[in-house]
Amino acid sequence: MAQTVFAPWDDPNEKPLIQFRNVTKRFGDFTAIDNLSQDIYAREFFALLGPSGCGKTTMMRMLAGFETPTEGQILIAGQDMAGVSPNKRPVNMMFQSYALFPHISVWENIAFGLKREGMEKAKIDARVTEMLRLTRLERFARRKPHQISGGQRQRVALARSLAKAPKLLLLDEPLGALDAKLRQDTQFELMDIQEKTGTTFVIVTHDQEEAMTVASRVAVMDEGQIMQVATPAVIYEQPNSVYVADFIGDVNIIEGAATPQGDGYDIAWAEGQPVLHVKTGKSFAPGQKCFLAIRPEKVGISAEEPTDAANKVQGQIIDIAYLGNLSTYHVQLADGTMMKAQIANTRRLSRRSLTWEDHVWLSWTDTAPVLLES
Amino acid sequence: MRRMTWFNATSLTLGFAFLYLPMVILVIYSFNESKLVTVWAGFSTKWYGELLRNEAFLDAAWVTVQVAVASSTIATVLGTMAAYVLVRAGRFHGRTLFSGMIYAPLVMPEVITGLSLLLLFIGIGLDRGILTIILAHTTFSMCYVSVVVSSRLVGFDRSLEEAALDLGCTPFESFRLVTLPIIAPAVISGWLLAFTLSLDDLVIASFTAGPSATTLPIKIFSAVRLGVSPEINALSTIMIAIVTVGVITASVISKRATLMQQRDEQAAARTA
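Residues numbered from 1 in each chain as written. Chains lettered and ligands numbered in written order. Predicted model: local features only at pLDDT ≥ 70, side-chain atom pairs only at ≥ 80, totals over all residues.

Asker: Honestly, the overall build of chain B in this entry has me stumped. Any pointers?
Answerer: Counting its secondary structure elements, chain B contains 11 helices and zero strands. Tracing chain B from N to C terminus, the helices and strands come up as α-α-α-α-α-α-α-α-α-α-α. Against the 2.2 N^0.38 benchmark of 19 Å for 272 residues, chain B shows a C-alpha radius of gyration of 23 Å, more extended than a compact globule. With the C-alpha coordinates aligned to their principal axes, the bounding extent of chain B is approximately 70 × 65 × 35 Å. Looking at chain B alone, contacts between residues at least 24 apart form 76% of all its contacts between residues at least 6 apart. (Helix = DSSP H or I, 4+ residues; strand = E, 2+ residues; numbered from the N terminus. Rg over C-alpha atoms; globule rule 2.2 N^0.38 Å. Contact = placed C-beta atoms within 7 Å.)

If you want it as structure tokens, here you go:
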């Protein structure tokens, strides 16, 4: 049986759940969101990723109804949200600070939204119990928020925002306050819950690993605009700009001039150095300025000159960052450029031969880098 | 170094003597047998009995309590509303002017407040009595409530209110169900402050009281002008006792609440 890939954004018949149409938001003179259009589909786990001040939180607050767009429209399920107050929207939000009500118990916190709906008592009981089970909080139902730990509070916040079964759940840096280990576990829990409930999640984060782990699509933002929207793999492997390449993960950027050659381009990058060859589908004018982006793990490092590599450069090891599973070698090339090469430490430490100040060869294939215009 | 040195002990004794010696003397003389305040003639509680038979004092005490309860309650409602708007409504035109005007009565001489209220009441033809005292006390204690409540609101996590809206509350429900319960301690202390201010106000009450209603401070003040009687000492002792019990109860309750919270948080950290 063929597994259908979840990609509603590629299906022209699919109706988007959320539509941003030429949305601009200004705070006084400051433009937080600049003429932005974006569709988000039902059952997506959509991540807004960017540095602080890029407008990602503003987008989320406009969806929740806490901010109104200065220009443009936001549609949820085809309905224009202009003038719809936060309490009337089919949207719930999980706050960065969790915003649990400190004066009532965990149970009451989760039931809060249901009671406002005027749901019958028996139904509320059943729904809260279900939410407690989903987030594994049964034991803590009667406790007050200050009587539970940070991770448990985070789950209460999630349960509370899911209790009303919203069409759309907004998560504002939901895991920011958790330590690394707990954060990883919770990321998988979030994905699990998202799948079980079928809710559309929009998550705001500045942690690229988190966005890559949980999201079906990632939008990389900068200065009120979306730079690229794609699946995590495409964002990582085929960034459309130096900004995106640099923001996600580690990357070596080499600036040069492109000359058409075969099915790709030769890049002249430094005086007296052999050109680098790269295969690409994009077209560049002869002599056009371009940027070669290559991930450190796609760069090989060896003491002897490799014979069959499409690209090779010589350099000297300046620094070695030992990360346990990986080592990153900082290599200085002849013209002073620093490049990083990352090698998995599959052998024991004593068996490895490269060390500081060694002269080495860096090499990569002609399909490993991406060639970017800017 | 946390030792009770000779110097510390002396400072402590002098300081407390300065604060409490007058009151101690008053309490002692309230149990004086003699009618002459300055001559000790043996222990007696007879002035307390006299006090209970003094209709004029009891009436004044009753008026004072009514005024204090009514004015502090109205002041708490108005003061909380003012604080909420000033902290929450963001920047609107004249915000600075408004907040300045709310706090101005704090530094306004009481004589001026009293006089202007008196002129107002005469101007609109309101007969002076218990109602005018209540209005006057509300006017000046409201700004104290507003100061206390707004200091709590400034430290209040706004996302709590947003969460309430997000979960389906109207703005008023969000205030009633989330904001108010959380700022309740500040609202209660604002009420207590207004209550205390009203209890011991003499200046403003003397401008706005009429023949039909006199408060206890006015009564005591006018009685003392004719000479201090042991009855007044007894009355003052009772007031000191009430205030002391109130303060101790309040601090014990808040101390216990803090301890409980600390214990809970430690327990939560351990089971995490």
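Asker: What exactly am I supposed to notice about the UniProt feature "domain: ABC transmembrane type-1" (unreviewed entry) in chain B here?
Answerer: Annotation from UniProt places "domain: ABC transmembrane type-1" (unreviewed entry) at residues 61-253 of chain B. As annotated, residues 61-253 of chain B has a helix share of 82% and a strand share of 0%, and its two end C-alpha atoms lie 28 Å apart. (UniProt positions renumbered as here; feature names shortened; annotations may be inferred.)

Asker: Where do I start with the UniProt feature "transmembrane region" (unreviewed entry) in chain B in this structure?
Answerer: Residue and element names in this part refer to chain B. Residues annotated in UniProt with the feature "transmembrane region" (unreviewed entry) correspond here to residues 12-31, 60-86, 98-124, 130-154, 175-197 and 232-253. In residues 175-197, helix accounts for 100% and strand for 0%; the two terminal C-alpha atoms are 27 Å from one another. The span residues 232-253 is 100% helix and 0% strand, and its two end C-alpha atoms sit 32 Å from each other.

Asker: Just to check I follow, could you spell out the nonpolar core for this structure?
Answerer: Counting 103 residues, the largest nonpolar core has A47, L63, I110, L170, V202 and A219 of chain A as its most contacted members. Ranked by the residues each element gives to this core, the list is headed by helix α2 (residues 106-117) of chain A, at six residues. Here this core spans two domains, since at least three of its residues come from each of domain 1 (8-245) and domain 2 (250-372) of chain A. When sequence neighbours within four positions are dropped, the list of residues in contact with V202 of chain A reads I40, F46, L48, M60, L63, L168 and L170 of chain A. Counting 39 residues, the second-largest nonpolar core is a separate cluster that includes V63, I134, W191 and A209 of chain B. (Core = buried A, V, L, I, M, F, W, Y, C linked by C-beta atoms within 7 Å. Buried ≥ 20, exposed ≤ 12 C-beta atoms within 10 Å, placed from the backbone. Domains from an automatic or database assignment.)

Asker: I keep staring at the domain arrangement of chain A and nothing clicks. Help me out?
Answerer: The accessible area lost on association of the parts is a frequent measure of interface size. Residues and elements named next belong to chain A. You can read the domains of chain A as domain 1 (8-245) and domain 2 (250-372). Measuring from the centre of the C-alpha atoms in domain 1 to the corresponding centre in domain 2 gives 39 Å. If you look at the interface, domain 1 gives five residues, while domain 2 gives six residues.

Asker: Please explain the pairing of strand β10 (residues 225-230) of chain A as it appears in this structure.
Answerer: Side-chain direction in a regular strand flips from residue to residue, so the side chains alternate between the two faces of the sheet. All names here are of chain A. Note that strand β9 (residues 217-222) and β10 share five bridges and pair antiparallel. Residue D222 lies in a different strand from β10, and its bridge partner there is Q225. Between β9 and β10, which pair antiparallel and follow one another directly, the connecting turn spans two residues, one of which, E223, has a positive phi of 45°. (Pairing = 2+ DSSP bridges.)

Asker: What am I meant to see in the sheet that holds strand β5 (residues 79-80) of chain A here?
Answerer: Here we have four strands laid out as an open sheet, ordered β2-β1-β4-β5 (chain A), and antiparallel in their pairing. Because the sheet does not close on itself, it has two edges, and the strands there are β2 (30-40) and β5 of chain A.

Asker: Just checking my understanding: could you explain the interface of chain A and chain B for this structure?
Answerer: Taken together, the contacts link 21 residues of chain A with 22 residues of chain B. The set of elements that each furnish at least two residues to the side of chain A that touches chain B consists of β6 (91-94) and α2 of chain A. Ranked by residue count, the leading element in the side of chain A that touches chain B is α2 of chain A, at four residues.

Asker: What am I meant to see in the packing of α2 of chain A against helix α4 (residues 150-162) of chain A here?
Answerer: Two numbers describe a pair of packed helices, the interaxial angle and the distance between the axes. All names here are of chain A. Where α2 contacts α4, the axes come no closer than 7 Å and their chain directions differ by 25°. Between α2 and α4, the angle is such that the two are roughly parallel. Crossing of α2 over α4 shows right-handed handedness. Contacts between α2 and α4 involve V106, N109, I110, F112 and G113 from the former and V156, A159 and R160 from the latter. Residues of the contact of α2 with α4, tallied by class, amount to five nonpolar, two polar and one charged. (Axes fitted to C-alpha atoms, helices over the stretch in contact; angles between N-to-C directions. Parallel < 35°, antiparallel > 145°, perpendicular 65-115°, else oblique. Left-handed = near helix turned anticlockwise from the far one by under 90°. Nonpolar A, V, L, I, M, F, W, Y, C, P; charged D, E, K, R; others polar.)

Asker: Would you take a moment to explain the pairing of strand β1 (residues 18-27) of chain A for this structure?
Answerer: All names here are of chain A. Across five bridges, the pairing between β1 and strand β4 (residues 71-76) is antiparallel. Along β4, the bridge assignment pairs Q19 with L75. Sheet analysis places β1 next to β2, joined by seven bridges and oriented antiparallel. Bridged to I18 within β2 is I40. Taking the residues that link successive antiparallel strands as the turn, the β1-β2 hairpin has two residues, and the phi of G28 there is positive, at about 65°.

Asker: Mind showing me how you'd approach helix α10 (residues 216-225) of chain B here?
Answerer: Note: α-helices contain 3.6 residues per turn, so residues at a spacing of three or four share the same orientation. Every buried residue of α10 of chain B is accounted for by L216, P217, I218 and K219 of chain B. In this structure, the buried side of α10 of chain B is in contact with α3 (55-88), α8 (171-200) and α9 (203-208) of chain B.

Asker: Help me understand the sheet that holds β9 of chain A in this model?
Answerer: Note: strands within a sheet are paired through backbone hydrogen bonds, in either parallel or antiparallel orientation. Residue and element names in this part refer to chain A. Spatially, six strands are ordered β6-β7-β8-β3-β9-β10 in an open sheet, and the strand pairing comes out mixed. In the strand order of this sheet, the two ends are held by β6 and β10, each with one partner. Sheet twist, expressed as the average angle between the axes of neighbouring strands with direction ignored, equals 20°. With five bridges connecting them, strand β7 (residues 168-172) and strand β8 (residues 200-205) associate as parallel partners. Across the sheet, L170 pairs through a bridge with V202, a residue of β8.

Asker: Just checking my understanding: could you explain unusual backbone geometry for this structure?
Answerer: In most cases, non-glycine residues show a negative phi, while peptide bonds are predominantly trans. Residue and element names in this part refer to chain A. One non-glycine residue, R43, adopts positive backbone phi at about 70°. Checked against the element boundaries, R43 lands in the loop between β2 and β3 (45-49). Taking the C-beta count within 10 Å as the criterion, R43 has 15 such neighbours and is therefore assigned partly exposed. Backbone geometry at Y98 places phi at a positive 75°, although glycine is not the residue there. As for its position among the elements, Y98 is in the loop between β6 and α2.

Asker: Hey, could you run me through the confidence of the model for chain B in this one?
Answerer: The predicted structure's coordinates, where accompanied by low pLDDT, should not be read in detail. Residues and elements named next belong to chain B. Per-residue confidence for chain B gives a mean pLDDT of 87, with 98% of residues at or over 70. Mean pLDDT across the elements of chain B ranges from a minimum in helix α11 (residues 230-271), with 81, to a maximum in helix α7 (residues 158-166), with 93. Across the assembled chains, the prediction reports ipTM 0.83 with pTM 0.80. (pLDDT = per-residue confidence, 0-100.)

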